[in-house]
Amino acid sequence: MKAQHAGGRHESALEFGVIMFIRKKKRWEIPERLATPEEIFLNRRRFLQQLGWSGLGLMGGLTSLEAWRNAAAAMPQSSIYSAKRNATYVLDRPITDEFAATHYNNFYEFTTEKRGVADLVGKFKTQPWAIAVKGLVAKPKTFDLDELIKLMPVEERLYRFRCVEAWAMAVPWTGFPLKALIDLVAPTAKAKFVRMVSFNRPHEAPGMAEQSWYPWPYFEGLRLEEAMNELAFMAIGMYGKPMPKQNGAPVRLVTPWKYGYKSIKSIVEIEFTDKQPPTFWNKIAPGEYDFLSNVDPDVPHPRWSQAIERIIPSMEERPTLKYNGYEEFVAYLYKKS
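These figures come from a predicted structure and were not determined experimentally.

### Some thoughts on the overall build of the protein chain
- Counting its secondary structure elements, the protein chain contains ten helices and twelve strands.
- Per-residue burial over the protein chain gives 58% buried out of 337 residues.
- Working note: accessible area of the protein chain is about 14,700 Å², and carbon and sulfur atoms make up 56% of it.

Shown next as structure tokens:
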């Protein structure tokens, strides 16, 4: 879609927090295919309930957590993913616990249930992976992702991440500046926008098949000057490891000053155009999701306030920051001439 220094012990907080709560269906619970109102994420108890770690499911929840730990420990580490951290980008909060960040995801291609995405990505194939770059560029090309990474200045960045649903986290992403890729393909003078498209494989992503009313595949867009901004980041990993499938493997966009849905996952196509491209949620609900979608505490969503955010997994409340706290990097992009 940020929170505490890597290696923090939020796991213990999760473990001890699950013991005392019993799962009860609340009157306010609605299908997650509807954008979730702020009040659903009131506190840590509800977060644990969303994940299914209630008293009734205690043993299963802890078993799942232990299995995840074992799998994470066994995952081969690569120097690519444990890249040097860029000290320019700092946090005002701890890095989010890794388990929380990788098991609470919006990825409708698989399911609308945040806690269920990680359980449904097994059939999704992320190797090999290609990205077609086309449109108004001097050097259009279809890149093999592994070969592209070798050409890029890979680094780690700590970014805040703010969902439009008013929950937030802080993540150590590994990747490269989108500008480095843009420079490689050399946009022409006519290029004004960048359109991005995600994968389209309903046989591997059950949510696509079950929710055929959505205009798949997922598509997003940026102004060219936004895409060239130093914050725009192509992430290939997180927490010093390859990107988990549920978080957008093998490569996703991260635009930390915008709401999370702008950070398109599992990208297969990038097109440079002279016209503003349609975007997925703006096409579905133009009255609720605009093209820019910058984080702004003073502009409420039509169904809830954006003035407060809640940090997973503790659900600590914090005031929402203008541009998610990145005003010094991006405010110039939106000054009216």
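### Details of the nonpolar core
- Core analysis: the largest hydrophobic core is formed by 83 residues, its most contacted members being Trp 173, Leu 178, Ile 270 and Phe 272.
- With sequence-adjacent residues up to four places away left out, Phe 272 is seen in contact with Val 133, Lys 134, Gly 135, Leu 136, Val 137, Ile 182, Val 185, Pro 187, Ala 191, Phe 193, Val 194 and Leu 224.

### Comments concerning the packing of aromatic side chains
- Going through the model one piece at a time under the given rule, you end up with 27 aromatic pairs.
- Plain terms: the ring middles of Tyr 218 and Phe 280 are 4.5 Å apart, the flat faces sit at 25 degrees to each other, and that makes the pair stacked. On the criterion of sequence distance, the pair formed by Tyr 218 in the loop between helix H7 (206-210) and strand E6 (219-223) and Phe 280 in helix H9 (residues 280-284) is long-range, its members being 62 residues apart. Each member of the pair, Tyr 218 as well as Phe 280, carries the same accessibility label: buried.
- Ring-pair connections join several aromatic residues into one group, and the members of that group are Tyr 108, Trp 213, Tyr 214, Trp 216, Tyr 218, Phe 219, Tyr 261, Phe 280, Trp 281 and Tyr 289.

### A word on the sheet that holds E6
- Read across the open sheet, the five strands follow the order E2-E1-E10-E5-E6; overall the sheet is mixed. Sheet topology places strand E2 (141-144) and E6 at the edges, where each strand pairs with a single neighbour. Pairs of neighbouring strands in the sheet enclose a mean axial angle of 15 degrees, with direction left out of account.
- Note: strand E1 (residues 130-135) against E2, four bridges, orientation antiparallel. Across the sheet, Val 133 pairs through a bridge with Lys 141, a residue of E2.

### A look at unusual backbone geometry
- Put simply, Gln 127 and Pro 128 share a cis peptide bond, and its omega is -5 degrees.
- Between Trp 216 and Pro 217 the backbone carries a cis peptide bond, its omega angle lying at -5 degrees.
- Relative to the elements of secondary structure, Pro 217 occurs in the loop between H7 and E6.
- The backbone phi angle of Ala 166 is positive, close to 85 degrees, even though this residue is not glycine.
- Following the sequence through the fold, Ala 166 ends up in the loop between strand E3 (155-162) and strand E4 (167-177).
- The phi dihedral of Ser 266 is positive, around 45 degrees, even though this residue is not glycine.

What counts, and at which threshold
- Residues numbered from 1 in each chain as written.
- Predicted model: local features only at pLDDT ≥ 70, side-chain atom pairs only at ≥ 80, totals over all residues.
- Heavy atoms only, no water.
- Helix = DSSP H or I, 4+ residues; strand = E, 2+ residues; numbered from the N terminus.
- Buried < 20%, exposed > 50% of the residue type's maximum accessible area, 1.4 Å probe, protein only.
- Areas by Shrake-Rupley, 256 points an atom, 1.4 Å probe, with all protein chains shown as cover.
- Core = buried A, V, L, I, M, F, W, Y, C linked by side-chain atoms within 4.5 Å.
- Contact = heavy atoms within 4.5 Å.
- Phe/Tyr/Trp six-rings, centres within 6.5 Å; stacked < 30°, edge-to-face > 60°.
- Pairing = 2+ DSSP bridges.
- Axes fitted to C-alpha atoms, helices over the stretch in contact; angles between N-to-C directions.

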